[in-house]
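Close look at the chain arrangement
One letter stands for each residue in the lines below.
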Amino acid sequence: MFSVITVSDSCAAGKATDTSGPHLVELIKQSLKTDTVNYLLIPDEEDLIKQSLIYACDVLKVRAVFTTGGTGFAPRDVTPEATRAIITKEAPQLTLAMTLCSLEKTKFAVLSRAVCGVRNKTLVVNFPGSKKAVGECFQSIVDVLPHLLNLLNEGEIERVRETHRKVQATGDGPVPQEVYHVCPHATGKGGDDRNSPFPMIDVDDALRQILATVPSVQTARKQLSRVNIPPFRASIKDGYALKSIGGKGMKKVIGYISAGDAIVQTNFTIDECYKINTGAPVPQHADAIVQVEDTKLVSRKNDYESIVEILAEPSASLDIRSIGSDLRMSEEVFQYRFPLDACQRALLAAVGEKASVVKLKVAIISTGDELLHPYDTSAAADASSLEGKIFDSNTTMLVALVRQCGFTEDQCEIQQRVVKDDFESLKAEIESLTGAVHVIICTGGVSMGDKDFVKPVLKALNYELIFGRVNMKPGKPCAYATSKVTKFFGLPGNPVSAFVTFHLFALPALRQYLATLNETAPNAAKASLPMITVELLDAKYVLDPRPEYARASIVSRNGKLLASITGGQISSRLKSTIEADVLLELPARTETKPYITAGTPLKALVLRSDFISRYE
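Computed from a predicted model, the values in this text were never measured in an experiment.

1. Here we look at the sheet that holds strand β23 (residues 464–467)
- Spatial strand order, β21-β18-β22-β26-β25-β23: 6 strands in an open sheet with mixed pairing. At either margin of the open sheet sits one strand with a lone partner, and together these are β21 (412–419) and β23. Between one strand axis and the next, the sheet turns by 20 degrees as a mean value, whatever way the strands run.
- Note that strand β22 (residues 439–443) and strand β26 (residues 487–491) share 5 bridges and pair parallel. Paired with Cys442 across the bridge in β26 is Gly490.

This is the structure we're talking about:
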């Protein structure tokens, strides 16, 4: 994430149009390959500039803040002073690089007082106020920005080392902006660098970057009613339809009305009534319904009631649903959310509308020479064919999870395939799906093995690789890439890792993409799994160096939710998901906090609606 702040009295007051800030936003998006750039326009007020810089650095924790304007000698040009007051380290050589570049264009470049520096882990750069100068100064430092930003981020130390190696090998020159996996991917021929070149990013940052690349719309699609509900005055109770002015007392039953009957148009006296069922149309000249419980049967004739006594005083409109009291014609029924659920479908049926959905197209792939189809009876019968092989559980699990999360067949079309561990086979499979499906979910082939071809294949097919590792357990090698139409999730091959990363990353993206296809604004609050607060039930749990998503079952004890971790949490142990009600968010281990104990409050992501395993 990056921030751009334009400092200008005239633009902030609406007397001029800011062209420098939006231009800088586009430069950052194109050169630094990001869609997340915050933009702010403020006047030349030193305190406000300081506050805005501190907010971007300390609260938003952006990687870099670029300001434009307020760097000259006018009385209100105070951007350099505000910047110098909040940075912890100055970067004069960045300023020098911009000045030297600008001096080649104009001698007036010496009049710029721009300041560059760092606040904690955020780079802060002042640019001049003109659009032309902004472009020139940005280009003068853009080649070193990726390396500089990697230096500020401890999680990207491997990219820093790779850059140093390349510079040392090739001499001084532009620092490459992308460093890809250099292993030749041939068994027994690993490269010298045994570490992944992909920086580990936080889970929240990974999800933000994913959703920023998935199409979305801003306006909600609304469903209007084409009918009144009810379309006639309807009885709320089983009882008797009568005229309220007749009061209580003896009434002659002159007819019977059931749900589905036509509206009785005939007039009647105050001493007469109709027996009526719940939901049936009220006679035109009746204005009250008295429930059966407030009456007494007096006489019958030929098995039909003939005289009843009304025991309660009726009032006008008593127990009558008026026309359109539930829903009026042209009234908004609901704002769509996807996947469509039972309540939306029921309301659509109530107004006589069919569910019309543009299907999301998903392909689910497992990679591995060792994988057998789980229902291959011939392989199961031949013990020799099972040597070195395992049955593929990932595609079955992921298809079931997609369906379980509401993506029914009328809303989501799913293909599932198993692909061998070789570059060409995987490339051909992904190439055939690219553009033909909206989302590819692939398991396996994303780590550091000689046959982990997913990332090289994506590069060969011109996908933009958004990230290649996430700081989490399980699921560290998780990758995400995007093309114009198709979004690619490279989930780890271990089934539990695939289970966890599907819920955290793929599921929110599927929900947003389906909503967009159906011209509906996604509900950000409902995109991810719902979160609750629980207390740890286990006596002690040793923390991992990475933040961990442990599978846990939930016990309700006197209204308090307690979480019990479901046995061994190794990422190959699929059994740990069977009793899992939630994914328990565990913090990374520190020197002062190597483990947690019973009673520790924790956040938990709910996996299913019946998430309480037992009550005590």
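2. Description of the environment of Ser196
- By the element assignment, Ser196 lies in the loop between α8 (157–170) and β7 (200–201).
- A residue is classified by how much of its surface remains accessible, and Ser196, at 9% relative accessible area, is buried.

3. Things to note about the packing of helix α5 (residues 92–103) against helix α6 (residues 131–141)
- The geometry of α5 relative to α6 is characterised by a closest axis approach of 9 Å and an angle of 125 degrees between their N-to-C directions. Taken together, α5 and α6 sit at an angle that is classed as oblique. Like other packed secondary-structure pairs, α5 and α6 cross with a definite hand, here right-handed. Two secondary-structure elements touch here, α5 through Leu94, Ala97, Met98, Cys101 and Ser102 and α6 through Glu136, Cys137, Ser140 and Ile141.

4. A look at the side chain of Ser556
- On the secondary structure map, Ser556 appears in strand β29 (residues 548–557).
- Filtering out sequence-adjacent residues up to four positions away, Ser556 remains in contact with Leu561, Ile612, Arg614, Tyr615 and Glu616.

5. What to know about helix α12 (residues 394–404)
- Those residues of α12 that fall on the buried side of the exposure criterion are Asn394, Thr395, Met397, Leu398, Val399, Leu401 and Val402.
- Looking at the buried side of α12, the elements it contacts are β18 (360–367), β21, β22, β26 and α15 (495–517).
- Positive backbone phi, at 105 degrees, marks Gly406, one or two positions downstream of α12.

6. Quick word on the sheet that holds strand β15 (residues 304–310)
- An order of β13-β10-β12-β11-β15-β14 is seen for the 6 strands of this open sheet, with the pairing classed as mixed. Strands with a single pairing partner mark the edges of an open sheet, and in this sheet they are β13 (288–291) and β14 (295–301). Taken pair by pair, the neighbouring strands of this sheet meet at an average axis angle of 35 degrees, ignoring direction.
- Here 4 bridges tie strand β10 (residues 239–242) to β13, and the two strands are oriented antiparallel to one another. Among the inter-strand pairings, Ala241 is bridged to a residue of β13, identified as Ile289.

7. Considering the side chain of Ser20
- Turning to its location among the elements, Ser20 is positioned in helix α2 (residues 20–31).
- At 2.5 Å, the side chain of Ser20 forms a polar contact with the backbone oxygen of Gly129.

8. As for the environment of Thr434
- Note on placement: Thr434 falls in the loop between α13 (423–433) and β22.
- Take Thr434: its relative accessible area is 28%, and that puts it in the partly exposed class.
- Placed 48 residues apart in sequence, Thr434 and Thr482 show a C-alpha to C-alpha distance of 9.9 Å.
- Only 2.7 Å separates the side chain of Thr434 from the backbone oxygen of Ile430, close enough to count as a polar contact.
- At 2.6 Å, the side chain of Thr434 and the side chain of Tyr463 are in polar contact.

9. Overview of the nonpolar core
- One finds Ile441, Phe489, Phe502 and Phe505 to be the most contacted residues of the largest nonpolar core, which totals 56 residues.
- Among the secondary structure elements, those contributing two or more residues to this core are α9 (203–213), β17 (332–335), β18, α12, β22, β23, β26 and α15.
- Here this core takes 13 residues from α15, the largest share from any one element.
- Discounting chain neighbours no more than four positions away, the residues touching Phe489 are Ile210, Val439, Ile440, Ile441, Cys442, Ala479, Tyr480, Phe505, Ala506 and Ala509.

Rules used throughout
- Residue positions are given per chain, counted from 1 along the sequence in the order it is written.
- Where local features are concerned, this predicted model is filtered to residues with pLDDT of at least 70; where side-chain atom pairs are given and counted, the filter is 80 or more; whole-chain, interface and lining totals use all residues.
- Remark: hydrogens and water are excluded; side-chain values derive from all non-hydrogen atoms of the structure.
- DSSP bridges decide pairing: two strands pair if at least two such bridges lie between them.
- Strands here mean DSSP runs of E at least two residues long; helices mean DSSP runs of H or I at least four residues long; both are numbered from the N terminus.
- Lines are fitted to the C-alpha atoms to define the axes, a helix being fitted only along its stretch in contact, and any angle between axes, read from their N-to-C directions, falls within 0 to 180 degrees.
- Relative accessibility under 20% of the residue-type maximum defines a buried residue, over 50% an exposed one, and the middle range a partly exposed one, all with a 1.4 Å probe and only protein chains included.
- Roughly parallel covers angles under 35 degrees, roughly antiparallel covers those over 145, roughly perpendicular covers 65 to 115, and oblique covers all other angles.
- Definitions for this section: a left-handed crossing has its near helix turned counterclockwise from the far helix by less than a right angle. A right-handed crossing has that turn clockwise.
- Two residues form a contact once any of their heavy atoms are found within 4.5 Å.
- For this analysis, a polar contact is any N or O atom pair within 3.5 Å, provided that within protein one partner can donate a hydrogen and the other can accept it, and provided that sequence-adjacent residues contribute only side-chain to side-chain pairs.
- Grouping buried Ala, Val, Leu, Ile, Met, Phe, Trp, Tyr and Cys residues that are joined through side-chain atoms within 4.5 Å yields what is termed a nonpolar core.

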